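Descriptive structure summary
Read off the chains here:
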Amino acid sequence: MHNQFGIRFEAVRKTFGAETIIPSLDLDIISGERLVLLGPSGCGKTTIMRLIAGLEQVSSGDIYMGGKKVNGMDASERNVSMVFQNYALYPHMTVFDNMAFSLKLRKVPKTEMTRRIQEIADKLELGHLLKRKPRELSGGQRQRVALGRAIAQQSPYFLLDEPLSNLDAQLRTNARNELVELHETYPTTMIYVTHDQVEAMTIGHRIAVLRKGQVQQISSPDDIYNRPANKFVATFIGNPPMNVVSVQMSDNGLLFAEQEIILPNVIRAELVRQSGRQVLLGIRPEALKLQLGVEPRSSGFSVKGEYLRTEYLGAQYVHHVAVQQQRLLIATPTPAGVSPHSNVTITASFEHLHFFDAGEGEQRI
Ligand code: ATP
């Protein structure tokens, strides 16, 4: 797709008083994609959205929308529709009037307006509620009205800032799927802010993981999950989080809690070349296997530990195992059938091992 409705940040800096929220951001959002901004509270997600919408102006740097520089351009000129966490519906207006608001401002003919609102309302299962006021709706219905109002605007840019955070878990799942389907029906350049990683993985064509106003990695959900760029991304995505432990390079591989893991020469050589003797080893809980007893294994990651306890999370069991002072989490779909304080062996295949530089930045090796 050509980049008719792409958005580009070039060395964008944003400060509030003495505080630098975004030091220097380069970001290319592709026309028609669903890009998720994901990161911890305060990392600057909402600020980035407000910069796109024109509700904030850059301190320095440039923002381009559809190839045109928009610095200094007013929010009303940017042709952006937005849905925020609190929906901000007009309480005294009906569902229809809320959804029709921007069309009335634009003086869209009445028949065309009615047709369009009805179509969107039907799609959102609001067709029978058009005469109601927001207070007569459930939380989920209100949220759909806010979405419908934004869709009715037919802007090429669609900004959603934690739009589902007021919904309960079941509604969130439904709304998430609806959103993706709606986007397929009404394609726009969609930017979606969340700190919920499941939402990020299921909604985004790409995810930008942010920390302190800086992009740590921007890539497909698959890449972010399977090839995290650094330790921050690795541990931010995934629940329970990736195990990351400090290991020492040894003659034949590496030492973890005084146990030696024999590594293939190519992997070992690369680690030594890139990082020296100290490395961080990451393994996702679901990549680890738990066996009762002490079972030596010649190939792959294998360590002995003491089984501590299990957390039952419904779809999975999370087992806690102590390996000396360190603790590893292992996630399995079935119970382990191991009693506390048993000796266990934990294994993983080489392909599931992630290595990060123990130095600053903790980059993937
Ligand atoms: P959350 O997930 O909690 O919503 P966020 O990633 O969206 O967080 P922002 O709302 O962008 O974060 O805020 C980033 C930082 O900028 C925060 O430290 C916030 O306090 C600060 N900030 C935002 N707006 C202003 C403002 N108008 N004046 C001063 N500081 C601000």
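Now for a quick tour of the structure. This is a predicted model, so every value here is computed, not measured.

**A short note on the overall build of the chain**
If you tally the helices and strands in the chain, you get nine helices and 20 strands. C-alpha extents for the chain along the principal axes are approximately 75 × 45 × 40 Å. Evaluated residue by residue, the chain yields a buried proportion of 35% over its 365 residues. Residue pairs at least 24 apart in sequence account for 65% of intrachain contacts in the chain once pairs closer than 6 positions are excluded.

**Topic: the nonpolar core**
Ile52, Met99, Leu159 and Ile191 are the most contacted members of the largest nonpolar core, which has 90 residues in total. Here this core takes six residues from helix H4 (residues 139-152), the largest share from any one element. Taken domain by domain, this core gets at least three of its residues from each of domain 1 (7-236) and domain 2 (243-357). Among residues more than four places away in sequence, those in contact with isoleucine 52 are Ile7, Ile63, Val80, Leu159 and Ile191.

**Remarks on the site of the ligand**
In the vicinity of the ligand, the contacting residues are Phe16, Ile21, Gly39, Ser41, Gly42, Cys43, Gly44, Lys45, Thr46, Thr47 and His195. Among the residues making up the shell around the ligand, the classes are represented as three nonpolar, seven polar and one charged.

**Details of the packing of helix H3 (residues 110-123) against H4**
A pair of packed helices is captured by two measures, namely the crossing angle of their axes and the spacing between those axes. It is the contact of H3 with H4, at a shortest axis distance of 10 Å, that shows an interaxial angle of 140°. Judged by the angle between their axes, H3 and H4 are oblique. H4 is crossed by H3, and the crossing has right-handed handedness. On H4, the residues touching Arg116, Ile117, Ile120 and Ala121 of H3 are Gly148, Ile151 and Ala152. Classifying every residue of the contact of H3 with H4 by side-chain character gives five nonpolar, one polar and one charged.

**Structural notes on the sheet that holds strand S1 (residues 7-16)**
With respect to topology, four strands assemble into an open sheet ordered S2-S1-S4-S5, the strand pairing being antiparallel. Of all strands in the sheet, those bounded by a partner on one side alone are strand S2 (19-29) and strand S5 (68-69). One ladder, built from two bridges, connects strand S4 (residues 60-65) with S5; its direction is antiparallel. Bridge pairing in S5 places methionine 65 opposite lysine 68. Against the sheet, helix H1 (residues 45-53) makes contact with S1, S2 and S4, and its axis sits at roughly 115° relative to S1, the strand it touches most.

**As for the pairing of strand S17 (residues 317-323)**
For a regular strand, the rule is simple: side chains alternate between the two faces of the sheet. When strand S16 (residues 301-312) meets S17, the two strands line up antiparallel, connected through six bridges. In the strand pairing of S17, threonine 310 is matched with histidine 319. In this structure, the hairpin formed by S16 and S17 is closed by a connection of four residues, where glycine 314 is found at a positive phi of approximately 90°. The turn joining S17 and strand S18 (residues 326-332), which pair antiparallel and follow one another in sequence, is formed by two residues; a positive phi near 55° is taken by glutamine 324.

**Examining H4**
Since the α-helix turns once every 3.6 residues, residues separated by three or four places project in the same direction. Taking 1.5 Å of rise per residue, 14 residues should cover 20 Å, and H4 covers 20 Å from first to last C-alpha, within 8% of that figure. Counted residue by residue, H4 has eleven buried out of 14 residues, so it is predominantly covered. Every buried residue of H4 is accounted for by Arg142, Gln143, Arg144, Val145, Ala146, Leu147, Gly148, Arg149, Ala150, Ile151 and Ala152. For H4, the elements touching its buried residues are strand S6 (80-84), helix H2 (95-105), H3, strand S7 (157-161) and helix H5 (169-185). In the segment just after H4, glutamine 154 is the residue with positive phi, at about 55°.

**Considering the packing of H2 against H4**
Packing of H2 against H4 leaves a shortest axis separation of 8 Å and a crossing angle of 25°. The orientation of H2 relative to H4 falls into the category roughly parallel. Both H2 and H4 take part in a crossing whose hand is right-handed. Contacts between H2 and H4 involve Val95, Asn98, Met99, Ala100, Phe101, Ser102 and Leu103 on the former and, on the latter, Val145, Gly148, Arg149 and Ala152. Residue composition of the contact of H2 with H4, grouped by class: seven nonpolar, three polar and one charged.

**Details of unusual backbone geometry**
Note the cis peptide between asparagine 239 and proline 240, where omega equals -5°. With respect to the helices and strands, proline 240 occurs in the loop between helix H8 (231-236) and strand S11 (243-249). Backbone geometry places asparagine 79, a non-glycine residue, at a positive phi of 55°. Inspection of the secondary structure puts asparagine 79 in the loop between S5 and S6. Its identity as a non-glycine residue notwithstanding, glutamate 125 has a phi of 55°, on the positive side.

**A word on H2**
Of all the positions in H2, only Val95, Phe96, Asn98, Met99, Ala100 and Leu103 are classed as buried. Where H2 is buried, its residues meet H3 and H4.

**Some details on the pairing of S7**
Burial analysis of S7 places five of its five residues in the buried class, the great majority of the element. Of the two faces of S7, both are covered, the one formed by Tyr157, Leu159 and Asp161 as well as the one formed by Phe158 and Leu160. Judged from the five bridges that link them, S6 and S7 form a sheet pairing that is parallel. Within S7, the position partnered with valine 80 by the bridge is tyrosine 157. Two elements, S7 and strand S8 (residues 189-194), share five bridges in a ladder whose sense is parallel. The residue bridging phenylalanine 158 from the neighbouring strand is methionine 190, located in S8. As for the winding sense of the linkage, the β-α-β connection from S7 through H5 to S8 is right-handed.

Conventions used here
Each residue is numbered by its place in its chain's sequence as written, counting from 1. Local features are withheld for residues below a pLDDT of 70 in this predicted model, meaning they are given only at 70 or higher, and side-chain atom pairs are given and counted only at 80 or more; totals for whole chains, interfaces and linings count all residues. Labels follow the DSSP assignment, with helices taken as runs of H or I lasting at least four residues and strands as runs of E lasting at least two, numbered in each case from the N terminus. Exposure classification rests on a simple neighbour count of other C-beta atoms within 10 Å of a residue's own: a residue reaching 20 or more is buried, one at 12 or fewer is exposed, and one in between is partly exposed. C-beta atoms are placed from the backbone. Each residue gets a C-beta atom placed from its backbone, and two residues are in contact if those atoms lie within 7 Å. Joined through C-beta atoms within 7 Å, a set of buried Ala, Val, Leu, Ile, Met, Phe, Trp, Tyr and Cys residues constitutes a nonpolar core. Residue ranges labeled as domains rest on an automatic or database domain assignment. Nearness between a residue and a molecule or strand is assessed with a C-beta atom placed from the backbone; a distance within 6 Å qualifies. Here the nonpolar group is Ala, Val, Leu, Ile, Met, Phe, Trp, Tyr, Cys and Pro; Asp, Glu, Lys and Arg are the charged ones; every other residue, Gly included, is treated as polar. Each axis is a line fitted through C-alpha atoms, taken for helices only over the stretch in contact, and angles between the N-to-C directions span 0 to 180 degrees. Should an angle lie under 35 degrees it is considered roughly parallel, over 145 roughly antiparallel, and from 65 to 115 roughly perpendicular; all remaining angles are considered oblique. Left-handed describes a crossing in which the near helix is turned anticlockwise from the far one by less than a right angle; the clockwise case is right-handed. Should DSSP find at least two bridges between two strands, the strands are regarded as paired. Given a helix with a known number of residues, its expected span is that number minus one, times 1.5 Å. With its strands directed away from the observer, a crossover is right-handed exactly when the path from the first strand over the helix to the second travels clockwise.

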